[in-house]
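Structural overview for review
One letter stands for each residue in the lines below.
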Amino acid sequence: MDIDIFRISLTLACPMDLRLYPLDKQVCVLQIASYGWATDDLVYKWKDVDPVQIVPGLHLPRFTLEQYKSAYCNVITNTGEYSCLKVELIFKREFSYYLITIYVPCCMLVIVSWVSFWLDQNAIPARLSLGVTTLLTMSTQTSGISAQLPPVSYTKAIDVWTGACQGFVFCALLEFALVNYASRSDMQRERARERIERARRQWEVEHTDNNHTNNTSSLPSQHSQHSEHSQHSQYTALLSMQNGGEASTPRVSLRGYPIGYPHPPSYMNQSTPLERPCEIHLASKGGFGCYRTKSLLSKFASRAKRIDVISRFIFPLLFAIFNLAYWLYYLLAKGSNEDFED
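Structural notes, computed from the coordinates. The shown structure was predicted, so the numbers you read here are calculated from the model rather than taken from an experiment. (Residues numbered from 1 in each chain as written. Predicted model: local features only at pLDDT ≥ 70, side-chain atom pairs only at ≥ 80, totals over all residues. Heavy atoms only, no water.)

**Considerations on the overall build of the protein**
For the protein, the count of helices and strands is six helices and five strands. Shown N-terminal to C-terminal, the secondary structure of the protein runs as helices and strands in the order β-β-β-β-β-α-α-α-α-α-α. Across the 342 residues in the protein, those meeting the buried criterion constitute 28%. Summarising the internal contacts of the protein: among those between residues at least 6 apart in sequence, 72% fall at separations of at least 24. (Helix = DSSP H or I, 4+ residues; strand = E, 2+ residues; numbered from the N terminus. Buried < 20%, exposed > 50% of the residue type's maximum accessible area, 1.4 Å probe, protein only. Contact = heavy atoms within 4.5 Å.)

This is the structure in structure tokens:
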């Protein structure tokens, strides 16, 4: 049997599965077969020693040749058996390049977007420019990464990472909008509280004058009833101002004066002996829990500040949980893929 040895130079393309990109390994298969000559006429055989020879010091920019295998892949058809040689080249992608150019910059952009949580709530230009700049930078980087890869119908690991980072930056910008709205609401409530305080002081002055007049009157019972009715009407007017001008029936506390007014009127301070044990009993039963809640909330003056403080802890915690889930999932998926290939 004649043995012919020949040498061929080929430039080949390798189809890749990019679901785990850039944590993936690619298996490139090269097959050399005869489709015109059956095994009776032509048989391909590997050398017994070093059937596949690799150039020493082979270095690829983004891959490492991790392993290669040689095998036979003879094909049997209706016309006969055809000889075939197969070699599998397993390439491992170098992750350090993507760690430096993609993952670390994305983490830095997400962390920079959290700086707005530590800025003053009234620094609107600084917080707005920081949020918009980080969002645009993140969008530009995501577009650059997608432009380097072929369009595929499935989601890649890098798409999950960039999409999540872009979502965190966008949520930080939405947090600024929420803080701005809460700050304006706090200012409106403060102005309403100042108007109610001025009205209360004016009512106290008028009430002092009415008490002086009632003490010098010859008909104390009629004046007392008229004074109580006028005081109740003034309370209702003050509460309607506090509720935004809506005239509604005031809610009454257990002590008998409307809820929401800072101090009870003087005519309600004269409690009978039967009322006082009930007041003392209620205060001793639930006062401690209310005091603890108020003490925790009183550390922050406004709702906008509370949102900022909560965001300082919530955003890093959620990003850490995402990192843990991301790396565990894709590293485990990478390990299972390697076991399947073996």
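**Focus: the state of the cysteines**
Scanning the model with the defined rule gives two disulfides in all. Across the disulfide, C14 is cross-linked to C28 (sulfur-sulfur distance 2.0 Å). Its S-S torsion of about -100° marks the bond between C14 and C28 as left-handed, since a negative value means left-handed. Of the two residues, C14 sits in the segment before β1 (25-33) while C28 sits in strand β1, which places them 14 residues apart along the sequence. Each disulfide pairs two cysteine sulfurs, and for C73 the partner residue is C84, the sulfurs being separated by 1.9 Å. Handedness of the C73-C84 disulfide follows from its S-S torsion of about -60°: it is left-handed. Here C73, found in the loop between β2 (63-72) and β3 (75-77), pairs with C84, found in strand β5 (residues 84-93); they are 11 residues apart in sequence, far enough to count as distant. The pair formed by C73 and C84 is uniform in burial state, with each residue classed as buried. Within the protein, bonded cysteines paired by disulfides and numbered along the sequence follow the pattern 1-2, 3-4. (Disulfide = S-S within 2.5 Å.)

**So, the nonpolar core**
With 31 residues, the main nonpolar core has W161 and F319 as its most contacted residues. Elements represented by at least two residues in this core include exactly α1 (95-113), α2 (124-147), α3 (157-215) and α6 (303-341). In terms of residue count, the dominant contributor to this core is α3 (nine residues). The residues touching F319, leaving out its near neighbours within four places in the chain, are C107, V110, W114, W161, C165 and F168. The next biggest cluster of nonpolar side chains, apart from the first, holds five residues, and it includes Y44, W46, V52 and L85. (Core = buried A, V, L, I, M, F, W, Y, C linked by side-chain atoms within 4.5 Å.)

**Here we look at the pairing of β5**
Pairing between β1 and β5: nine bridges, direction antiparallel. The residue bridging Q26 from the neighbouring strand is F91, located in β5. Of the pairings in the sheet, the one linking β2 to β5 comprises nine bridges and is antiparallel in character. What sits directly across from F63, in β5, is R93. (Pairing = 2+ DSSP bridges.)

**Section: the packing of aromatic side chains**
A ring pair, where both rings are aromatic, is described by two values, the distance of the centres and the angle of the planes. For the structure shown, the criterion picks out 21 aromatic pairs. For the ring pair F319 and F322, a centre distance of 6.3 Å and an interplane angle of 35° mean the geometry is tilted. One end of the pair is F319 and the other is F322, both in helix α6 and three residues apart, which spans about a single turn. With relative accessibility at 7%, the residue F319 sits in the buried group. We classify F322 as buried; its relative accessible area is 17%. Both rings, one in Y326 and one in Y330, keep their centres 4.8 Å apart while their planes meet at 50°; by these two values the pair is tilted. One end of the pair, Y326, and the other, Y330, are both in helix α6, four residues apart, so they sit about a helical turn from each other. In this structure Y326 comes out as buried when scored by relative accessible area, which is 3%. (Phe/Tyr/Trp six-rings, centres within 6.5 Å; stacked < 30°, edge-to-face > 60°.)

**With respect to the packing of α1 against α2**
For the pair α1 and α2, the least separation of the axes is 9 Å and the interaxial angle reads 165°. Considering the angle they form, α1 stands roughly antiparallel to α2. Both α1 and α2 take part in a crossing whose hand is left-handed. Within the contact between the two elements, α1 uses T101, I102, P105, C106, L109, V112 and S113 and α2 uses L130, T134, T137, M138, Q141 and I145. Of the residues belonging to the contact of α1 with α2, the class tally is eight nonpolar, five polar and no charged. (Axes fitted to C-alpha atoms, helices over the stretch in contact; angles between N-to-C directions. Parallel < 35°, antiparallel > 145°, perpendicular 65-115°, else oblique. Left-handed = near helix turned anticlockwise from the far one by under 90°. Nonpolar A, V, L, I, M, F, W, Y, C, P; charged D, E, K, R; others polar.)

**Details of a nonpolar patch on the surface**
Taken together, the side chains of I310, I314, L317, L318 and I321 present a nonpolar region at the surface, about 460 Å² in accessible area. Structurally, the position occupied by I321 is in helix α6. What makes I321 partly exposed here is its relative accessible area of 48%. (Patch = residues over 30% accessible without salt bridge, like charges linked within 9 Å, V, L, I, M, F, W, Y side chains within 5 Å. Areas by Shrake-Rupley, 256 points an atom, 1.4 Å probe, with all protein chains shown as cover. Salt bridge = Lys/Arg side-chain N within 4 Å of Asp/Glu carboxyl O.)

**A word on α1**
With 19 residues, α1 should reach 27 Å at 1.5 Å per residue; the first-to-last C-alpha distance of 26 Å fits that figure. At Y103, α1 shows its maximal kink, close to 25°; a proline, P105, follows between one and four residues later. Where α1 is concerned, the buried positions are Y98, I102, Y103, C106, L109, V110 and S113. (Expected span 1.5 Å × (residues − 1). Bend = angle between axes of the 7 residues up to and from the residue.)

The values reported here are purely geometric and, on their own, carry no functional implication.
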